[in-house]
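# Working through the structure, step by step
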Amino acid sequence: MEKLFQEILANFNLSLDPDAYGNGHINDTYIVHSQPNYILQRINKNVFTNPPAVMENIQGVTEFLRKKIIAEGGNPDRETLNLIPTVDGKSYYLHTDGEYYRVYKFIERAVSYDIVENPMQLYHAARAFGKFQNMLADYPAEKLHETIVDFHNTPARYEQFKTALAKNASGRAKNAGPEIDFVLAREKDASIVVDALADGSIPLRVTHNDTKLNNVLLDEVTGEGVCVIDLDTVMPGSLLYDYGDALRFGGSSGAEDEPDLSKIWFDVEKFTAFTKGFIEVLPSITEKELRLLPFSIKLMTLECGSRFLADYINGDVYFKTHYPEHNLIRARTQFKLVKEIEDKMDELNAIVTEIAGR
Ligand code: ADP
Ligand code: GN1
Ligand code: MG
């Protein structure tokens, strides 16, 4: 085994071979094969500039969830992430190479999906994300560090997009004229959710903020939600961020990086299944939140597309990419979905009214 891994794992009292694992865009994830298995992650320092703050959040949230799950008679080793402490009792290990590492218990017999195969998976994912939010409803929000400032502040994302465009560090802006125009033409609606949070017309809640489908594990046999993972961005926010981002990803007919746009559309059946699961477990959803559900999918999809496009123009400095046009291809699927959601908005609003019965 590589000496580096040996040194890292020794700090968690482990000594086994890790293999690269999963399809996250941010951290480096490995499975440590043993009895039981573990997940080892190198935290992305470029994205999370204060890893100890990230780890303080995750430690606080997972300990809080663990107690709740035990009180409710659930299985705390399976229904929340569990950090393995280092030999000196810390939640992470800072190596001499300057990188931060953490280890979790591996959650067995549970699957995360990069493409959704059937609407029932969305129904169960929605219930898991909704339940996650319910369990954190009384978490002391003031204890949470803002691990990425303005993460879902869409107007701030617009400013970042314009800065990327003005710098054009990669010289690639010329390859993305129509995509750039698409983003710029939609700025006027960007502040609807942040304004509603600011004027108190929707509640600030503790939210996950990165609810794509491969951040929830579903039971291999029953298909039911097991555990919400990837807790790096748990911060105060809006329920609309979690709902909108989940359907940005899960409501699509295809992969986030599908190059053939004729295969990408917004699937109303998947939307209906997710919305049903989400509303069922979150009766506390307010009238205004309810009315903004379909809009939030458009907003989160536009925001994510603009981030992919900004990263393409910046020269692929944020998201992991596998080929030079990867971020541009990702941006294009998001914009196709935005257009689809715009066209289907009345239908989506009617479905929400029908499901909610109000
Ligand atoms: P990233 O921030 O890069 O997306 P994640 O924390 O989401 O990293 O982990 C990447 C993938 O690894 C997940 O999508 C999931 O498939 C898998 N994974 C992460 N943690 C666990 C765990 N505790 N048990 C099982 N699989 C996990
Ligand atoms: C990243 O970490 P991961 O792969 O689950 C990103 C999300 C994006 C998503 C797009 C911390 O999620 O915000 O929506 O990629 N996470 C961070 O696929 O930036
Ligand atoms: Mg992830």
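A few points on the structure.

## Points about the site of ligand 1
- Near ligand 1 there are 20 residues, and of these Asn27, Gln41, Ile107, Ser112 and Asn214 occur at the shortest range.
- Contact between ligand 1 and asparagine 27: an oxygen atom at 2.8 Å from a main-chain N or O atom of the residue.
- Protein burial of ligand 1: of its 550 Å² of free accessible surface, 96% is covered by the chains.
- For the shell around ligand 1, the elements supplying multiple residues, two or more each, are strand S3 (38-42) and strand S5 (100-105).
- Across the shell around ligand 1, the residue classes break down as nine nonpolar, nine polar and two charged.
- When residues of the shell around ligand 1 are assigned to domains, at least three fall in each of domain 1 (2-108) and domain 2 (119-356).

## Structural notes on the sheet that holds strand S2 (residues 28-32)
- Strand order in the open sheet formed by five strands is S1-S2-S3-S5-S4, with antiparallel pairing between adjacent strands. Two strands lie at the open edges of the sheet, namely strand S1 (18-20) and strand S4 (93-94), each paired on one side alone.
- Where S1 lies against S2, three bridges are found, and the strand directions are antiparallel. For alanine 20, the partnering residue across the bridge sits in S2 and is tyrosine 30.
- Lying on the sheet, helix H1 (residues 3-10) is in contact with S1, S2, S3, S4 and S5; it crosses S3 at an angle near 110 degrees.

## Looking at the side chain of glutamine 133
- Relative to the assigned elements, glutamine 133 resides in helix H3 (residues 119-135).
- The contact partners of glutamine 133, leaving out residues within four places of it in the chain, are Arg205, Val206, Thr207, Leu239, Asp242 and Leu282.

## Some details on the coordination of the magnesium ion (ligand 3)
- Only Asn215 (OD1) and Asp230 (OD) from the protein reach the magnesium ion (ligand 3) as donors, at distances of 2.2 Å. Placement of asparagine 215 in the loop between strand S7 (205-207) and strand S8 (216-219) and of aspartate 230 in the loop between strand S9 (225-228) and strand S10 (235-237) is noted, with a sequence separation of 15 residues between them.
- Residue classification places asparagine 215 among the buried residues on the basis of a relative accessible area of 5%.
- Residue class for aspartate 230 comes out partly exposed when judged on its relative accessible area of 25%.

## Observations regarding the pattern of salt bridges
- Evaluation of the coordinates by the stated rule reveals 25 salt bridges.
- With its nearest N and O atoms 2.9 Å apart, the salt bridge here joins glutamate 340 to lysine 344. On the criterion of helical spacing, the pair formed by glutamate 340 and lysine 344 is a turn pair, its members being four residues apart in helix H10 (residues 326-356).
- By sharing partners, the salt bridges in this structure join Arg186, Lys188, Asp189, Lys298 and Glu342 into a single network.

## Describing the site of ligand 2
- Around ligand 2 lies a shell of 18 residues, among which His25, Lys212, Glu256, Arg307 and Tyr318 are the nearest.
- Take histidine 25: an N or O atom from its main chain is 2.8 Å from an oxygen atom of ligand 2.
- A distance of 3.5 Å separates an oxygen atom of ligand 2 from a polar side-chain atom of arginine 248.
- If ligand 2 stood free it would expose 450 Å²; the protein chains cover 98% of that surface.
- With three residues, helix H9 (residues 287-314) is the single largest residue contributor to the shell around ligand 2.
- Counted by class, the shell around ligand 2 contains eight nonpolar, four polar and six charged residues.

## A few points about helix H7 (residues 239-250)
- Over its twelve residues, H7 extends 16 Å from the first C-alpha to the last, a length consistent with the 16 Å expected when each residue adds 1.5 Å.
- Judged by how many residues are buried, H7 sits mostly within the fold: twelve of twelve residues are covered.
- Every buried residue of H7 is listed here: Leu239, Leu240, Tyr241, Asp242, Tyr243, Gly244, Asp245, Ala246, Leu247, Arg248, Phe249 and Gly250.
- Taking the backbone nitrogen of leucine 240 as reference, a side-chain oxygen 2.9 Å away marks serine 238 as the first, capping residue of H7.

## Quick word on the sheet that holds S8
- Read across the sheet, three strands follow the order S6-S8-S9 without closing on themselves; strand pairing throughout is antiparallel. Strands with a single pairing partner mark the edges of an open sheet, and in this sheet they are strand S6 (110-111) and S9.
- Sheet topology note: the S8/S9 ladder contains three bridges and is antiparallel. Bridging across to S9, leucine 217 finds its partner in cysteine 227.

## Digging into the nonpolar core
- Counting 104 residues, the largest nonpolar core has Leu136, Phe271, Phe274, Leu293 and Leu309 as the members making the most contacts within it.
- The dominant element in this core, judged by the number of residues it contributes, is H9, at 14 residues.
- Both domain 1 (2-108) and domain 2 (119-356) contribute no fewer than three residues apiece to this core.
- If we ignore the near neighbours within four places in the chain, the residues touching leucine 293 are Leu239, Leu240, Tyr243, Ile279, Ile285 and Val352.

Criteria and cut-off values
Residues numbered from 1 in each chain as written. Chains lettered and ligands numbered in written order. Predicted model: local features only at pLDDT ≥ 70, side-chain atom pairs only at ≥ 80, totals over all residues. Heavy atoms only, no water. Near = heavy atom within 4 Å. Polar contact = N/O pair within 3.5 Å; in protein donor to acceptor, adjacent residues only side chain to side chain. Areas by Shrake-Rupley, 256 points an atom, 1.4 Å probe, with all protein chains shown as cover. Helix = DSSP H or I, 4+ residues; strand = E, 2+ residues; numbered from the N terminus. Nonpolar A, V, L, I, M, F, W, Y, C, P; charged D, E, K, R; others polar. Domains from an automatic or database assignment. Pairing = 2+ DSSP bridges. Contact = heavy atoms within 4.5 Å. Axes fitted to C-alpha atoms, helices over the stretch in contact; angles between N-to-C directions. Donors = N, O, S within 2.8 Å, 3.2 Å for Na, K, Ca; no water. Buried < 20%, exposed > 50% of the residue type's maximum accessible area, 1.4 Å probe, protein only. Salt bridge = Lys/Arg side-chain N within 4 Å of Asp/Glu carboxyl O. Expected span 1.5 Å × (residues − 1). Core = buried A, V, L, I, M, F, W, Y, C linked by side-chain atoms within 4.5 Å.

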